[in-house]
Amino acid sequence: MMSPSRRPAALAAGAAVVTVLLWASAFVSIRSAGDAYSPGALALGRLLSGVIALGALCLVRREAPPPRSAWPGIAVSGLLWFGLYMVVLNWGEQQVDAGTAALVVNIGPVLIALLGSRLLGDAMPQRLLAGMAVSFAGAVTVGLSMSGGGGSSVLGVVLCLLAAVAYAGGVVAQKPALGTASALQVTTYGCLVGAVVCLPFGGQLVRQVGEAPLSATLNMVYLGVFPTALAFTTWAYALARTTVSRMGATTYAVPALVVLMSWAMLGEVPGSLTLAGGVLCLAGVAVSRSRAAAAGVPQPAKVTDSA
């Protein structure tokens, strides 16, 4: 039976696993929804679906609004990660091939580690750095194996780079907010801020909902309920209990899972180079988290409630 001292660490690790699984599944759904919805409309529809799901959960749990001290981090993460990131990533992936997008966006965890060290004082142990290096090499391998000749544009690369920067900034801004607010509060109100930012795309969304096939709309709703509402909440839960650098490194498992899900659900058989890159991604994540697992001592969060 698990000892009480190890239970918080196990719950945080489980939350991180749920997050990366659902974020990986998002790439499969975006392929369907992205054919019928423009980048801004897809982001707004996804965020509105997430707000509805999270709002209902807050009502059931009678969750109060977050304290005033948490709002700066919630507002910045909502603007950068829930708003800007989702729009520019959707747009960028229409301009470049999947491999190029994977290569550029995967500098995000590196930026998270650098910003976390600089702004939050996160430690940068050798195992974490080594694991990130291995995972990044795996992401590069996956990206190169998926790249198609002539499928990239300067605009697309810039948009993917902007998405990576917005992702990193949003994660680092979110961490302090979790010191005084619960994971559910931070996620719900961050998603709400992102939806407000995307409201200018409301006209496109209304028009495209009437034209899109049902499967695309269902995929958009799925993106809002599971990869957004659920996965961002489990992410915040895990982030409250570890460093931004370690959580950023964990997301390197996503490219490997996307390869496996595309194989299983879309029949896209990966080549040997793609599989090798996926193995490197997972191995790097294991190395980057091995120190915490060996120590068996979680880093407690200053929260009074959790999602």
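Parameters at a glance
- Residues numbered from 1 in each chain as written.
- Predicted model: local features only at pLDDT ≥ 70, side-chain atom pairs only at ≥ 80, totals over all residues.
- Heavy atoms only, no water.
- Helix = DSSP H or I, 4+ residues; strand = E, 2+ residues; numbered from the N terminus.
- Buried < 20%, exposed > 50% of the residue type's maximum accessible area, 1.4 Å probe, protein only.
- Contact = heavy atoms within 4.5 Å.
- Patch = residues over 30% accessible without salt bridge, like charges linked within 9 Å, V, L, I, M, F, W, Y side chains within 5 Å.
- Areas by Shrake-Rupley, 256 points an atom, 1.4 Å probe, with all protein chains shown as cover.
- Salt bridge = Lys/Arg side-chain N within 4 Å of Asp/Glu carboxyl O.
- Expected span 1.5 Å × (residues − 1).
- Axes fitted to C-alpha atoms, helices over the stretch in contact; angles between N-to-C directions.
- Parallel < 35°, antiparallel > 145°, perpendicular 65-115°, else oblique.
- Left-handed = near helix turned anticlockwise from the far one by under 90°.
- Nonpolar A, V, L, I, M, F, W, Y, C, P; charged D, E, K, R; others polar.
- Phe/Tyr/Trp six-rings, centres within 6.5 Å; stacked < 30°, edge-to-face > 60°.
- Lys NZ or Arg CZ within 6 Å of the ring centre and 35° of its normal.

S.K.: Lay out the environment of alanine 36 in plain terms, naming residues and giving numbers.
M.R.: Looking at the secondary structure, you find alanine 36 in the loop between helix H1 (7–33) and helix H2 (39–61). Looking at alanine 36, the relative accessible area reads 23%, which means it is partly exposed. Sequence-wise, alanine 36 and valine 209 are 173 residues apart; in three dimensions their C-alpha atoms are separated by 8.7 Å. Setting aside anything within four residues of it in sequence, one finds alanine 36 in contact with Gln208, Ala212, Pro213 and Ala216.

S.K.: Report on a nonpolar patch on the surface, specifying residues and quantitative values.
M.R.: A contiguous nonpolar patch, built from Val18, Phe226 and Leu230 and spanning about 210 Å² of accessible area, is present on the exposed surface. Relative to the helices and strands, phenylalanine 226 resides in helix H10 (residues 214–239). According to the relative accessible area criterion, phenylalanine 226 is partly exposed, its value standing at 36%.

S.K.: Help me get a handle on H2, residues and values and all.
M.R.: Its 23 residues place the ends of H2 33 Å apart at the C-alpha level, agreeing with the 33 Å of an ideal helix rising 1.5 Å per residue. Note on H2: the residue one or two positions beyond its end, arginine 62, has a positive phi of about 55 degrees.

S.K.: An account of the packing of helix H7 (residues 154–177) against H10 is needed here, citing residue identities and associated values.
M.R.: At a minimum axis separation of 10 Å, H7 and H10 run at an interaxial angle of 55 degrees. The orientation of H7 with respect to H10, classified from their angle, is oblique. H7 and H10 meet at a crossing whose hand is right-handed. Together, Tyr167, Val171, Gln174 and Lys175 of H7 and Trp235, Ala236 and Leu239 of H10 make up the contact between the two elements. Classifying every residue of the contact of H7 with H10 gives 5 nonpolar, 1 polar and 1 charged.

S.K.: Go over the packing of helix H3 (residues 71–95) against H7 with me, naming the residues and quoting the values.
M.R.: Relative to each other, H3 and H7 sit at 160 degrees, their axes nearing to 7 Å. The orientation of H3 with respect to H7, classified from their angle, is roughly antiparallel. Where H3 crosses over H7, the two elements pack in a sense that is left-handed. Taken together, the residues of the contact of H3 with H7 sort by class into 20 nonpolar, 8 polar and no charged.

S.K.: I'd love a proper account of the packing of aromatic side chains, names of residues and values included.
M.R.: Tallied over the full model, the rule gives 11 aromatic pairs. Here the aromatic rings of tryptophan 23 and tryptophan 81 are separated by 5.9 Å at their centres, their planes lie at 75 degrees, and the arrangement is edge-to-face. Of this pair, tryptophan 23 sits in helix H1 while tryptophan 81 sits in helix H3, and the two are 58 residues apart along the sequence. When the ring of tryptophan 81 is compared with that of phenylalanine 82, the centres are 6.1 Å apart and the planes differ by 55 degrees; the resulting orientation is tilted. These aromatic residues form a ring-pair network of at least three members: Trp23, Trp81, Phe82, Tyr85, Tyr167, Phe232 and Trp235. Just above the ring of tyrosine 237 sits the side chain of arginine 241; from NZ or CZ to the centre is 3.9 Å.

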